[in-house]
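Each chain is listed here by its residues.
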Amino acid sequence: MKKLMTILCCMSVLLMACGKKEDKAKVKEESVTEQMQQIIDSGELSEDELLKVTDAQAERYLNEFNEYTEPQKYYFCAAFAMGAMSVAKPITASAMVNYFMGLGVAKFKEGINDETYKAFNAGKNTFTNETLVNTILKEKICENIMNDTADFAKDSNYTIADLDKIGKIEVEKVVRYIKNNEKK
């Protein structure tokens, strides 16, 4: 559990550092919730029918997740964990960003690139689908991946300082990707 909290803290820092789109994401999330309520109120779909739609979306998302490579799954979960931590403990989350990113490089020998960033970005944006978040948490999908990776680092005698140093480079890459996506 400590490992998960650590991961969540790191992601929080990264997400806070990447800024401007968060406000838009919040507005979009509120907008989606309002739209869902309007659909229910209009009688177009009942709440049960709407839940089936969101469940189907979560299932589709998880099927896509299962097609990811191991590094992609890790970076998805790192972003997910950091996002969750940023809500619970933003200070801790910010301290963990470099660590989580370095952890991915240490275990998978692959940092942030076009493919891993896609997965990272998907993990970062997961919180717009409550059903998906609940599924990930209930099935401990990311918790297991993050714990396995942390165990690898421990067994391989990586220090937090080593992982932090490696992770700084990856965080810079993520920031560049985010900035490039904002320009589009």
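My aim in this report is to walk through the structure given alongside it, one point at a time.

Cut-offs and rules
Along each chain, residue indices are assigned from 1 in the same order as the chain's sequence is written. Restriction of local features to residues with pLDDT of at least 70 applies here, the model being predicted, together with a cutoff of 80 or more for giving and counting side-chain atom pairs; totals for whole chains, interfaces and linings are based on all residues. Only hydrogens and water are set aside when side-chain values are computed; all heavy atoms of the structure are taken into account. We call a pair of cysteine sulfur atoms a disulfide whenever their separation is within 2.5 Å. Here a strand is any run of E in DSSP of at least two residues, a helix any run of H or I of at least four, and the numbering for each starts at the N terminus. Every axis corresponds to a line fitted to the C-alpha atoms, with the helix fit spanning only the stretch in contact, and the corresponding angles, defined between N-to-C directions, vary from 0 to 180 degrees. Should an angle lie under 35 degrees it is considered roughly parallel, over 145 roughly antiparallel, and from 65 to 115 roughly perpendicular; all remaining angles are considered oblique. Residues are treated as being in contact if the distance between any of their heavy atoms lies within 4.5 Å. Following the grouping adopted for this structure description, the nonpolar residues are Ala, Val, Leu, Ile, Met, Phe, Trp, Tyr, Cys and Pro, the charged ones are Asp, Glu, Lys and Arg, and the polar ones are all others, Gly among them. Remark: exposure states derive from per-residue accessible area (1.4 Å probe, protein chains only) relative to the maximum for the residue type, with buried under 20%, exposed over 50%, and partly exposed in between. For the purposes of this section, nonpolar cores are sets of buried Ala, Val, Leu, Ile, Met, Phe, Trp, Tyr and Cys residues that join through side-chain atoms within 4.5 Å. Here a helix's expected span is defined as the number of its residues, less one, multiplied by 1.5 Å. Each reported salt bridge corresponds to a side-chain nitrogen of Lys or Arg within 4 Å of a carboxyl oxygen of Asp or Glu. Should the near helix be turned anticlockwise from the far one by less than a right angle, the crossing is left-handed, and should it be turned clockwise, the crossing is right-handed. Under the rule applied, a polar contact is a pair of N or O atoms within 3.5 Å (in protein, one hydrogen donor and one hydrogen acceptor; residues adjacent in sequence only if both atoms are side-chain atoms).

**Focus: the state of the cysteines**
Summed over the entire model, instances satisfying the criterion amount to 1 disulfide. The disulfide that involves Cys77 links it to Cys142, with 2.3 Å between the sulfurs. Residues Cys77 and Cys142 are joined by a disulfide whose S-S torsion is about -70°; by sign, that bridge is left-handed. Remark: Cys142 occurs in helix H8 (residues 141-155) and Cys77 occurs in helix H4 (residues 70-88); sequence separation between them is 65 residues.

**Observations regarding the packing of helix H6 (residues 114-124) against helix H9 (residues 160-183)**
Here H6 crosses H9 at 75°, and the two axes come no closer than 11 Å. In terms of orientation, H6 lies roughly perpendicular with respect to H9. Contacts from Asp114, Tyr117, Phe120 and Lys124 in H6 reach Val174, Tyr177, Ile178 and Asn181 in H9. When its residues are assigned to classes, the contact of H6 with H9 shows 5 nonpolar, 1 polar and 2 charged.

**Regarding the environment of Asn134**
Mapped onto the fold, Asn134 is located in helix H7 (residues 130-138). For Asn134, a relative accessible area of 42% gives the class partly exposed. Expressed as a C-alpha distance, the spacing of Asn134 and Ala58, which sit 76 residues apart in the sequence, is 9.6 Å.

**Remarks on the nonpolar core**
As a rule of thumb, nonpolar side chains are buried together in soluble globular proteins. Counting residues in hydrophobic clusters, the biggest one holds 40 residues, and the most contacted among them are Tyr74, Phe76, Phe100, Met101, Leu103, Phe120 and Ile136. Mapped onto this core, the elements with two or more residues apiece are helix H3 (47-66), H4, helix H5 (90-108), H6, H7, H8 and H9.

**A closer look at H4**
The first and last C-alpha atoms of H4 sit 27 Å apart over 19 residues, in line with the 27 Å expected at 1.5 Å per residue. Of all 19 residues that make up H4, 16 are buried, and the element is covered over most of its length.

**With respect to the pattern of salt bridges**
One pass over the structure, following the stated rule, counts 4 salt bridges. A salt bridge links Lys173 to Glu170; the shortest N-O distance between them is 3.3 Å. A residue pair is termed a helical-turn pair when its members lie 3 or 4 positions apart in one helix, as Lys173 and Glu170 do in helix H9 at 3 residues. For Lys173, a relative accessible area of 23% translates into the label partly exposed.

**With respect to the packing of H4 against H6**
Look at H4 against H6: their axes get within 7 Å of each other, and the N-to-C directions meet at 30°. What the angle tells us is that H4 and H6 run roughly parallel. H4 and H6 meet at a crossing whose hand is right-handed. The segment H4 lies against H6, with Pro71, Gln72, Tyr75, Phe76, Ala79, Phe80 and Met82 engaging Glu115, Thr116, Ala119, Phe120, Ala122, Gly123 and Lys124. Residues that form the contact of H4 with H6 fall into these classes: 9 nonpolar, 3 polar and 2 charged.

**Describing unusual backbone geometry**
In this structure, Lys140 takes a positive phi of about 55° despite not being glycine. Tracing the backbone shows Lys140 in the loop between H7 and H8. With phi around 65°, Asn157 is a residue other than glycine that occupies positive phi space. Its relative accessible area of 64% is what places Asn157 among the exposed residues.

**Observations concerning the side chain of Thr126**
Along the polypeptide, Thr126 turns up in the loop between H6 and H7. A residue is classified by how much of its surface remains accessible, and Thr126, at 1% relative accessible area, is buried. There is a polar contact of 2.8 Å between the side chain of Thr126 and the backbone oxygen of Ala122. With residues up to four places along the chain from it excluded, the contact list for Thr126 reads Tyr61, Phe76, Phe80, Leu132, Val133 and Ile136.

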